[in-house]
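# Structural description and commentary
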Amino acid sequence: MELSTQRLQLIPLSGEDTKIFHETNINPHVKRYLWDNEEIPAAVSEGIIQEVGTKFEKEKWGLWKILDASSQTYMGYIGFWFFFEEALPQLVYALLPEFTGKGYATEASQEIIRYAFEELKFDYIKASMDTPNQDSARVCDRLQMQLVEEKTMEGKPTLFYKLDNSR
């Protein structure tokens, strides 16, 4: 289930990626919105990695590490995960700060969405983010996702975007 774009290689996260996955999750830039600025324990990252393996094996989706296609530099991760008891998993990504603002999130998301619609036959893709996270909202806009609602989730204003499968 390796995927690629012109600039990126997307490879399913595995047990050997546990350390770099956790380091990404505790990065101040990433944890600000993805983890509500909380320092998650390594055991949480380990548990997610284990679940990722099961998701890929059974459902053909999970979380992929994002690598620069030419240098193989690790940039972050992207994929699908369940949030807020949605029927389908949501699009999620985390880029290390030195790789933001260069179009990588949009490029990786386009490929993941293509995979979800063409291979997995998802009916739609949703993404949610804290309302102050306007960088992620702009990624959703570039992906032509529609803002469908804003509501308070776990005490925080949250935006919900959706893209229907028209393929």
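Residues numbered from 1 in each chain as written. Predicted model: local features only at pLDDT ≥ 70, side-chain atom pairs only at ≥ 80, totals over all residues. Heavy atoms only, no water.

Further remarks concern the overall build of the protein. Looking only at helices and strands, one finds five helices and eight strands in the protein. The secondary structure elements of the protein, listed N-terminal to C-terminal, are β-β-α-α-α-β-β-β-α-β-α-β-β. A globule of 167 residues ought to have a C-alpha radius of gyration of about 15 Å, and the protein, at 15 Å, matches this closely. If one aligns the C-alpha atoms of the protein with their principal axes, the spans along those axes are about 40 × 35 × 30 Å. Of the roughly 8600 Å² of accessible surface on the protein, 47% is carried by carbon and sulfur atoms. Within the protein, the 27 negative side-chain charges are centred at a point lying 3 Å from the centre of the 18 positive side-chain charges. (Helix = DSSP H or I, 4+ residues; strand = E, 2+ residues; numbered from the N terminus. Rg over C-alpha atoms; globule rule 2.2 N^0.38 Å. Areas by Shrake-Rupley, 256 points an atom, 1.4 Å probe, with all protein chains shown as cover. Lys, Arg positive; Asp, Glu negative; His and termini not counted. Charge placed at Lys NZ, Arg CZ, Asp CG, Glu CD.)

Further remarks concern the layout of surface pockets. Each pocket or cavity is described by its volume, and for the largest pocket that value is around 1200 Å³. If you trace the largest pocket, you find 48 residues lining it, with Tyr 33, Leu 34, Val 92, Tyr 93 and Asn 133 closest to the centre. Sorting the residues of the lining of the largest pocket by element identifies α2 (28–34), β4 (74–81), β5 (90–95), α4 (104–118), β6 (124–130), α5 (134–142) and β8 (156–164) as the ones contributing at least two each. With seven residues, the single largest contributor to the lining of the largest pocket is α5. (1 Å grid on protein atoms, 1.4 Å probe; cavity = no way out; pocket = protein on both sides within 12 Å on 5 of 7 lines; lining within 4 Å. Points joined across faces, edges and corners; volume = space filled by probe spheres on them.)

This part takes up the pairing of strand β7 (residues 146–153). Relative to β8, β7 is paired through seven bridges, and the arrangement is antiparallel. Residue pairing in the sheet places Lys 151 in a bridge with Thr 158 of β8. (Pairing = 2+ DSSP bridges.)

Now for the sheet that holds β7. Read across the sheet, three strands follow the order β6-β8-β7 without closing on themselves; strand pairing throughout is antiparallel. The sheet is open, and its two borders are formed by β6 and β7, each paired with just one other strand. Across the sheet, the mean angle separating the axes of adjacent strands is 25° when strand polarity is ignored. As paired strands, β6 and β8 are joined by seven bridges and run antiparallel to one another. Within β8, the position partnered with Asp 130 by the bridge is Thr 158. Taken strand by strand, α5 contacts β6 and β8, and its axis lies near 15° from that of β8. (Axes fitted to C-alpha atoms, helices over the stretch in contact; angles between N-to-C directions. Contact = heavy atoms within 4.5 Å.)

With that out of the way, let us pick up the sheet that holds β5. Strand-to-strand pairing in sheets goes through backbone hydrogen bonds, with the strands running parallel or antiparallel. With respect to topology, five strands assemble into an open sheet ordered β1-β2-β3-β4-β5, the strand pairing being antiparallel. In this open sheet, the two strands that pair with only one neighbour each are β1 (3–4) and β5. With five bridges joining them, strand β3 (residues 63–68) and β4 adopt antiparallel strand pairing. Pairing of Lys 65 across the sheet is with Tyr 77, part of β4.

Over its 15 residues, α4 runs 21 Å from end to end, which matches the ideal 21 Å to within 8%, given 1.5 Å per residue. Judged by how many residues are buried, α4 sits mostly within the fold: twelve of 15 residues are covered. Three or more residues of α4 are buried, namely Tyr 104, Ala 105, Thr 106, Glu 107, Ala 108, Ser 109, Glu 111, Ile 112, Ile 113, Tyr 115, Ala 116 and Phe 117. (Expected span 1.5 Å × (residues − 1). Buried < 20%, exposed > 50% of the residue type's maximum accessible area, 1.4 Å probe, protein only.)

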